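# Fold and contact review
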Number of protein chains: 2
Amino acid sequence: MEISQELLTIGQRAKNAARRLAFMGTEAKNKSLAAMAEALTDHQEEILSANARDVQAAEKKGLRKSLINRLLLTEKSIKGMSEAIKEVIALPDPVGGGEFWTRPNGLRIQKTRVPLGVVAMIYEARPNVTVDAAALCLKSGNACILRGGSEAIESNKVLAQIISEAAENSGSPAGSIQLVAMTGREYALQLMKMNKYLDVIIPRGGAGLIQTVIENSTVPVIQTGTGVCHAFVDKDADLEKAAAIVYNSKTQNPGVCNALETLLVHEDVARNYLPLIGQKFKQNGVEIRGCEKVLCVLDYANPAEEQDWATEYLDLIISVKVVKDLDEALDHIYKYSTKHSETIITEDYSTAQRFLREIDAAVVYVNASTRFTDGGRFGFGAEIGISTQKLHARGPMALPELTTIKYMVYGDNQIV
Amino acid sequence: MEISQELLTIGQRAKNAARRLAFMGTEAKNKSLAAMAEALTDHQEEILSANARDVQAAEKKGLRKSLINRLLLTEKSIKGMSEAIKEVIALPDPVGGGEFWTRPNGLRIQKTRVPLGVVAMIYEARPNVTVDAAALCLKSGNACILRGGSEAIESNKVLAQIISEAAENSGSPAGSIQLVAMTGREYALQLMKMNKYLDVIIPRGGAGLIQTVIENSTVPVIQTGTGVCHAFVDKDADLEKAAAIVYNSKTQNPGVCNALETLLVHEDVARNYLPLIGQKFKQNGVEIRGCEKVLCVLDYANPAEEQDWATEYLDLIISVKVVKDLDEALDHIYKYSTKHSETIITEDYSTAQRFLREIDAAVVYVNASTRFTDGGRFGFGAEIGISTQKLHARGPMALPELTTIKYMVYGDNQIV
């Protein structure tokens, strides 16, 4: 595949920037972040007017209301982006720390954290990702190449220009923050082959985007996102609490990856529990797609089909299945899980421990909502995405996940 | 690409095994490892006779002597493989430890280490990789799929059968250790697309093999190996020590990735240092390929061409260049380095610190041989390969690098 000259130039500029960013001190990086935060509020009018063009184009194309809402920026959301950068300033610098040991021959080995180098983000819809990703990459000493969706292109162009200028004018190397303004799919595909320039690609968006990156990228990928999350209500669950947790997991924000998609109910409590949670769902407009046993108890449920068990609805729909025991629940989750977040509701110690141990997922909960899988809620202070792969990072990723290690070895003329 | 039924069966068996291996205790895993170690010495005759068939075939094909030596097993090397497994038994289990914190809402988050799942190794020549990789994977709770080179197929088949039977008969799940006995290239390519079954592919071998895996694998890859390693002899170097370190780095075992390939010499000391190291090389049959300035000083050196600076010789050849200062050395290394191991020889504090900080490589040394980049020499007790990528692992990889993390969250009915 031929890589366009524009992308090669972007790649080379990013590489040059990364070389200097790698040993830029925390104070210098924070100074740039502060300048970026200020520049956003200073250029509010410019951002709003670019965003209005995106929204207008989206309305003209007849995009769904929910997508247009994701696109929309307001004075308040611009202030929010600016505040988010200030929160990144307050976070500890992930670069420079580490372990240290001495070998019997006197070699002193320092295992230290360094930036990844050049991070490419490929994402959809929400323009605030442009600002969030740039801030987290800069704080961790990485150059970033941002490739947002075509719907947000006008907003992204203005946002990237404002923050990259602010960063450069305050001492960051030129090319630290760059946007790929070409929206054609071919440019995204070319980016995925730029191993000479990129250290990692992080896709953020729907399952289609992520699959495209996995299939086409020769650059190492951190896979984020898809969450077919399960809750298992055990026979020993407190049913009132189980209703609160399941309802919260499903409805508090159904459009996100840590929202619940499938509910499994132990057959011993199905007759008592299903009407309890079913009523709550029914009253709040949640469609239930159930197995046959569910349909026997809830006459307002629709029948689930095979594909329902593998579907991330991201909507007010839930699939519900009655299982005969913990083993069947574990088998069902093993088969359909995307290894994002799974929760059990039980008061039984051994059942809880078995679930924690045997479920293979980024996050496994006992008696809590799946919605806690989030960098902020985990206490990381930020989030660049939620990894559903096992290499490098798993679960919520924050600043340390944007670094790698480097061994510095202090010798006194040792030879082998 | 259609995946053959044999590979799908191997993949499914590995996945089933991995599900059980993930929570197999340390004592049970060590019991299997002990059985594997014993089985190897018990079946020595069988191994030697299979190996003789490989060696015979290799001689018939006219393979290079050095390749045949890599292939050759002896009573001593079989004992060595068995001892290596016993060393793995003595290593701490990388699974199960971690950090733990409590959130303000009472959620207790346990960040624990778990196995990756299914690890595929694609490797060349040396049959002991079959045994080493299987032992490290089992100890870290991973199922492994081994795909060795066609030259060692008879040895690998017997070795894999002996150790997998020993593992299963001593309580490990069926499918924990499997060899892909089909040597056709198409099977390796199919393996690289088995995302549903594999969590990682680790290629070990020449640059060609590694490039093929990077270009074709949709499964996450840990890139190992290629090392165009540099030494920079600074103007403030102790020249006698610099000669010892450089000579050791180049010649102690020239066929491995941490051996030195390029020597950079500060122009202020070139006239004194080059004859010193040049004589040592000349007397010991090391070919020198030098820049023009080197040729002026050493009349027995051959001229280096552009491609020499990017070549991993893995042989008694070294490229040598005179540079005007540290900056030129850093620029040269930046341009040609494969980011494996680089060393500086200097007595100047600030020069040493700048080299450590500004070189982007897995391991950076001051006044020591590059040959120390090795799991054993770093104190890890084992090595599954040396990563030259930045994601997941960098430098020598041992047992912890065969694990990932899992968050286990203990709740008391928290909702968002």
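Residues numbered from 1 in each chain as written. Chains lettered and ligands numbered in written order. Predicted model: local features only at pLDDT ≥ 70, side-chain atom pairs only at ≥ 80, totals over all residues.

### Details of the overall build of chain A
For the record, the criterion: Going along the chain from the N terminus, every DSSP run of H or I of four or more residues is numbered as a helix, and every run of E of two or more is numbered as a strand. Note that the radius of gyration is over C-alpha atoms, with the globule rule given as 2.2 Å times the number of residues to the power 0.38. Exposure classification rests on a simple neighbour count of other C-beta atoms within 10 Å of a residue's own: a residue reaching 20 or more is buried, one at 12 or fewer is exposed, and one in between is partly exposed. C-beta atoms are placed from the backbone. We call two residues in contact when the distance between their C-beta atoms, placed using the backbone, is within 7 Å.
Tallying secondary structure elements over chain A gives 15 helices and 16 strands in all. Over its C-alpha trace chain A gives a radius of gyration of 24 Å, about what one expects of a compact globule, namely 22 Å for 416 residues. Oriented by its inertia axes, the alpha-carbon framework of chain A measures out at about 70 × 70 × 40 Å. In chain A, which comprises 416 residues, the proportion classed as buried is 52%. Restricting to contacts in chain A with at least 6 residues of sequence separation, those with at least 24 account for 71%.

### Observations concerning the pairing of strand β4 (residues 143–147) of chain A
Residue and element names in this part refer to chain A. What counts, and what does not: Whether two strands pair depends on DSSP finding at least two bridges between them. The handedness of a crossover follows from its direction of travel: if, with the strands pointing away from the viewer, the path from the first strand over the helix to the second runs clockwise, the crossover is right-handed.
With 5 of its 5 residues buried, β4 lies for the most part within the structure. Pairing between strand β3 (residues 118–123) and β4: 5 bridges, direction parallel. What sits directly across from Val 118, in β4, is Ala 143. Handedness of the β-α-β unit built from β3, helix α6 (residues 128–139) and β4 comes out right-handed. Pairing of β4 with strand β5 (residues 177–179) involves 3 bridges; the strand directions are parallel. Each residue of the ladder has a partner; that of Leu 146, found in β5, is Leu 179. Of the crossover connections in this fold, the one passing from β4 over helix α7 (residues 153–169) to the parallel β5 is right-handed.

### Concerning the interface of chain A and chain B
Many descriptions give the size of an interface as the accessible area lost when the pieces come together. Note the threshold: Under the convention adopted here, Pro, Cys and the residues Ala, Val, Leu, Ile, Met, Phe, Trp and Tyr are nonpolar, Asp, Glu, Lys and Arg are charged, and Gly plus all remaining residues are polar.
Each side of the interface is counted separately: chain A has 56 residues, and chain B has 56 residues. For the side of chain A that touches chain B, the secondary structure elements donating two or more residues are α9 (207–216), α10 (239–251), α14 (349–358), β13 (363–368) and β16 (403–414) of chain A. Element by element, the count of residues in the side of chain A that touches chain B is highest for β16 of chain A, at 11 residues. A breakdown of the residues in the side of chain A that touches chain B according to their chemical character gives 29 nonpolar, 14 polar and 13 charged. Bridge analysis of β16 of chain A against strand β13 (residues 363–368) of chain B gives 5 bridges, and the strand direction is parallel.

### Structural notes on helix α7 (residues 153–169) of chain B
Residues and elements named next belong to chain B. Here is the rule: Helix span, expected: 1.5 Å multiplied by one less than the number of residues in the helix.
Counted at 1.5 Å a residue, the expected span for α7 with its 17 residues is 24 Å, and the 24 Å between its end C-alpha atoms agrees. Within α7, the full set of buried residues consists of Glu 154, Ser 155, Asn 156, Val 158, Leu 159, Ala 160, Ile 162, Ile 163, Ser 164, Ala 166 and Ala 167. Buried-residue contacts for α7 involve α2 (26–42), α3 (44–61), α6 (128–139), β4 (143–147) and β5 (177–179).

### Topic: α2 of chain B
All names here are of chain B. Between its terminal C-alpha atoms α2 stretches 24 Å, which fits the 24 Å expected from 17 residues at 1.5 Å a residue. All of the buried residues in α2 are Lys 29, Ser 32, Leu 33, Ala 35, Met 36, Ala 37, Ala 39 and Leu 40. Tucked inside the fold, the buried residues of α2 contact α5 (75–90), α6 and α7.

### Here we look at unusual backbone geometry
Residues and elements named next belong to chain B. Phi is positive for Lys 339, close to 65°, though the residue is something other than glycine. Along the chain, the position of Lys 339 falls in the loop between α13 (326–336) and β12 (341–345). Positive phi is not limited to glycine here, since His 392 has a value of about 75°. As for its placement among the helices and strands, His 392 is situated in the loop between β14 (385–387) and β15 (395–397).

### Remarks on the nonpolar core
Which entries qualify depends on this criterion: Nonpolar cores are identified as sets of buried Ala, Val, Leu, Ile, Met, Phe, Trp, Tyr and Cys residues joined via C-beta atoms within 7 Å.
Ranked by internal contacts, the top residues of the largest apolar core, which has 147 residues, are Met 36 and Ile 163 of chain A together with Met 36 and Ile 163 of chain B. Not counting residues within four places of it along the chain, the set of residues in contact with Ile 163 of chain A comprises Met 36, Ala 39, Leu 40, Val 131, Ala 134 and Ile 177 of chain A.

### Digging into the packing of helix α3 (residues 44–60) of chain A against α7 of chain A
A pair of packed helices is characterised by two quantities: the angle between their axes and the separation of those axes. Residue and element names in this part refer to chain A. What counts, and what does not: All axes here are fitted lines through C-alpha atoms, helices being fitted over the stretch that makes contact, and every angle between N-to-C directions spans 0 to 180 degrees. Orientation categories follow fixed angle ranges, with anything under 35 degrees roughly parallel, anything over 145 roughly antiparallel, 65 to 115 roughly perpendicular, and all other angles oblique. We call a crossing left-handed when the near helix sits turned anticlockwise from the far one by less than a right angle, and right-handed when that turn is clockwise.
Contact geometry of α3 with α7 gives a least axis separation of 7 Å together with a crossing angle of 160°. The angle between the axes of α3 and α7 places the two elements in the roughly antiparallel class. The element α3 and its partner α7 pack so that their crossing is right-handed. The segment α3 lies against α7, with Glu 46, Ile 47, Ala 50, Asn 51, Arg 53 and Asp 54 engaging Ile 153, Glu 154, Ser 155, Lys 157, Val 158 and Leu 159. Tallied by class, the residues present in the contact of α3 with α7 amount to 5 nonpolar, 2 polar and 5 charged.

### Looking at the relation of the copies chain A and chain B
Here is the rule we go by: Only residues with pLDDT of at least 70 in both copies contribute their C-alpha atoms to the least-squares superposition of the copies.
Least-squares fitting of chain A to chain B yields an RMSD of 0.0 Å, with the transformation described by 0.0 Å of translation along the axis and a rotation of 180°. Here the transformation between the copies is reduced to the relation of a two-fold axis. For chain A, the smallest separation between a C-alpha atom and the rotation axis is recorded for His 392 of chain A, amounting to 1.8 Å.

### Description of the domain arrangement of chain A
All names here are of chain A. Filter applied, for reference: Annotation comment: domain bounds sourced from an automatic or database domain assignment.
Split into domains, chain A comes out as domain 1 (5–223 + 389–410) and domain 2 (229–375). The centre of domain 1, based on its C-alpha atoms, is set 35 Å off from the matching centre of domain 2. Counting residues at the interface gives 6 residues for domain 1 and 6 residues for domain 2. If one sorts the elements of the side of domain 1 that touches domain 2 by residue count, strand β15 (residues 395–397) sits on top with 3 residues. Tallied by class, residues from the side of domain 1 that touches domain 2 come to 4 nonpolar, 1 polar and 1 charged.

### Looking at the sheet that holds strand β8 (residues 260–266) of chain A
Reading across the sheet, the 10 strands line up as β10(A)-β9(A)-β11(A)-β8(A)-β7(A)-β12(A)-β13(A)-β16(B)-β2(B)-β1(B) and stay open at both edges, with mixed pairing between neighbours. Lying at the two open borders of the sheet, with one neighbouring strand each, are β10 (302–303) of chain A together with β1 (98–102) of chain B. Pairing of strand β12 (residues 341–345) of chain A with β13 of chain A involves 4 bridges; the strand directions are parallel. Residue pairing across strands places Ser 341 of chain A opposite Val 363 of chain A, the latter belonging to β13 of chain A. Contacting β7 (229–233), β8, β11 (317–323) and β12 of chain A, helix α13 (residues 326–336) of chain A crosses the sheet at an angle of about 140° to β11 of chain A. Running at roughly 160° to β13 of chain A, α14 of chain A makes contact with β12 and β13 of chain A together with β16 (403–414) of chain B of the sheet.

### A short note on the environment of Pro 400 of chain A
Residues and elements named next belong to chain A. In this structure, Pro 400 sits in the loop between β15 and β16. Residue class for Pro 400 comes out partly exposed when judged on the 14 C-beta atoms lying within 10 Å of it. C-alpha separation for the pair Pro 400 and Val 95, spaced 305 residues apart in sequence, amounts to 7.9 Å.

### Quick look at the pairing of strand β8 (residues 260–266) of chain B
Residues and elements named next belong to chain B. Of all 7 residues in β8, 7 are buried; the element is thus mostly enclosed. In this sheet, β8 lies alongside strand β7 (residues 229–233) in parallel orientation, the contact comprising 5 bridges. In the sheet register, His 230 faces β8, and the bridge partner there is Thr 262. Viewed along the sheet, the connection from β7 through helix α10 (residues 239–251) into β8 turns out right-handed. Inspection of the sheet shows β8 paired to strand β11 (residues 317–323) by 5 bridges, in the parallel sense. Paired with Val 265 across the bridge in β11 is Val 322.

### Here we look at the sheet that holds strand β6 (residues 200–204) of chain B
Residues and elements named next belong to chain B. One open sheet holds the 4 strands; their spatial order is β5-β4-β3-β6, and the pairing between them is parallel. In the strand order of this sheet, the two ends are held by β5 and β6, each with one partner. Taking the axes of each pair of neighbouring strands and ignoring which way they run, one obtains an average angle of 20° across the sheet. On the sheet, α7 packs against β4 and β5 and is oriented at approximately 160° with respect to β5. Of the strands in this sheet, β3 (118–123) and β6 are in contact with helix α9 (residues 207–216), which crosses β6 at around 160°.

### Examining the confidence of the model for chain A
This is how the line gets drawn: Values of pLDDT, the confidence the predictor places in each residue, fall between 0 and 100.
Across chain A, the average pLDDT comes to 96, with 100% of residues at or above 70. Across the predicted assembly, pTM comes out at 0.93 and ipTM at 0.94.

### With respect to the packing of α10 of chain B against helix α11 (residues 267–283) of chain B
All names here are of chain B. In the contact formed by α10 and α11, the axes pass within 10 Å of each other and the chain directions differ by 40°. Classed by the angle they form, the pair α10 and α11 counts as oblique. Along this stretch, α10 crosses α11, giving a crossing that reads as right-handed. Across from Leu 239, Ala 242, Ala 243, Val 246 and Tyr 247 in α10, the residues of α11 making contact are Val 269, Asn 272, Tyr 273, Leu 276, Ile 277 and Lys 280. For the contact of α10 with α11, the per-class residue count stands at 9 nonpolar, 1 polar and 1 charged.

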